[in-house]
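# Remarks on the overall topology
Residues per chain, in single letters:
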Amino acid sequence: MQIKNRNVKKFIEAGKAFFTVRNKETGNRFSYRVFRAGKTHLGKIPPWFVWTRGSNGKYIYVGTIFEKKGFVTTSKSKVTEKDIRFQAFKWLYANAKKLPAKVEVFHEGKCCRCGKALTDPVSIEKGIGPICEKNYGWYWKGGSV
Ligand SMILES: [Zn+2]
């Protein structure tokens, strides 16, 4: 299910986001999962950890989004910052609030905040379950993403 472009940033930052981004013009697409660290992580504002899904279906750790540094690789990253999978996410995150129409983001039927499978068609359309939507303080305009 496609996430409306205006909601992409919120979706990515929700806590357990699984999604695929596609460039309609080039046909390039990448799948990511972005999990937020627990609130106690290092006693600071929790960062987000970013993985990409490889062709074998397994996830590869790409890097971390820090509040001040932004998206960077860390010592555990399996790719370099020159890798297209790193660069594609860096671009997506930087432009998430103003994505061009050629870029589409699709969720995988899992709640972006808790990662559980969505079953209610209304939730599937939104990409978030009703309880998480309430807790996240995220009220979709018009009831759909
Ligand atoms: Zn949820």
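Residues numbered from 1 in each chain as written. Predicted model: local features only at pLDDT ≥ 70, side-chain atom pairs only at ≥ 80, totals over all residues.

### Brief notes about the overall build of the protein
- A tally of helices and strands in the protein yields 4 helices and 7 strands.
- Helices and strands in the protein line up, N terminus first, as β-α-β-β-β-β-β-α-β-α-α.
- On C-alpha atoms alone, the protein measures out to a radius of gyration of 15 Å, which is about the 15 Å that the 2.2 N^0.38 rule sets for 145 residues.
- Out of the 145 residues belonging to the protein, those deemed buried represent 28%.
- Put simply, 37% of the contacts in the protein that link residues at least 6 apart link residues at least 24 apart. (Helix = DSSP H or I, 4+ residues; strand = E, 2+ residues; numbered from the N terminus. Rg over C-alpha atoms; globule rule 2.2 N^0.38 Å. Buried ≥ 20, exposed ≤ 12 C-beta atoms within 10 Å, placed from the backbone. Contact = placed C-beta atoms within 7 Å.)

### Notes on helix H2 (residues 84-95)
- Helix length check: H2 (12 residues) gives 16 Å between terminal C-alpha atoms against 16 Å at 1.5 Å per residue, within 8%.
- Those residues of H2 that sit buried are Arg85, Phe86, Phe89, Leu92 and Tyr93. Buried positions in H2, seen along its axis, are confined to an arc of 135 degrees and lie on one side of it. For H2, the exposed residues set more than 90 degrees away from the buried face come down to Ile84 and Ala94.
- Tucked into the core, H2 has its buried residues touching helix H1 (8-12), strand E2 (16-23), strand E3 (29-36), strand E4 (48-53), strand E5 (59-66) and strand E6 (70-72). (Expected span 1.5 Å × (residues − 1). Arc of directions from axis to C-beta.)

### Topic: the environment of Ile124
- Considering the arrangement of structural elements, one finds Ile124 in helix H3 (residues 121-126).
- When the C-alpha positions of Ile124 and Phe11 are compared, they lie 13 Å apart, and in sequence the two are 113 residues distant.
- Dropping the residues within four chain positions of it, Ile124 is found in contact with Met1, Gly109 and Leu118.

### Side note on the sheet that holds E5
- Spatially, E1-E7-E2-E3-E4-E5-E6 is the arrangement adopted by the 7 strands of the open sheet, whose pairing is antiparallel. A strand with exactly one partner marks an edge of an open sheet, and here the two such strands are strand E1 (2-3) and E6.
- For E5 and E6, the ladder comprises 3 bridges, and the chain directions are antiparallel. The residue bridging Ile65 from the neighbouring strand is Phe71, located in E6.
- Docked against the sheet, H2 engages E2, E3, E4, E5 and E6, running at close to 40 degrees with respect to E5. (Pairing = 2+ DSSP bridges. Axes fitted to C-alpha atoms, helices over the stretch in contact; angles between N-to-C directions.)

### What to know about the confidence of the model for the protein
- With 90% of its residues at a pLDDT of 70 or more, the protein shows a mean pLDDT of 89.
- Here helix H4 (residues 130-136) stands out as the element of the protein with the lowest mean pLDDT, 87, in contrast to H2, whose mean of 97 is the highest.
- Contacts for the low-pLDDT stretch residues 141-145, under 50 throughout, to residues beyond four places or in other chains number 9 contacts. (pLDDT = per-residue confidence, 0-100.)

### Focus: the pairing of E2
- The sheet contact formed by E2 and E3 spans 7 bridges and is antiparallel. Within the sheet, the bridge partner assigned to Val21 lies in E3 and is Phe30.
- The antiparallel pairing of E2 with E3 creates a hairpin that spans 5 residues between the two strands, and Gly27 there sits at a positive phi of about 80 degrees.
- Sheet analysis places E2 next to strand E7 (residues 103-107), joined by 5 bridges and oriented antiparallel. Bridge pairing in E7 links Phe19 to His107.

### Things to note about the environment of Tyr61
- For Tyr61, the position within the fold is in strand E5.
- A tally of 15 C-beta atoms within 10 Å means that Tyr61 is categorised as partly exposed.
- Separated by 37 residues in sequence, Tyr61 and Lys24 place their C-alpha atoms 25 Å apart.
- Aside from chain neighbours lying at most four places away, what touches Tyr61 is Trp51, Lys76, Ser77 and Lys78.

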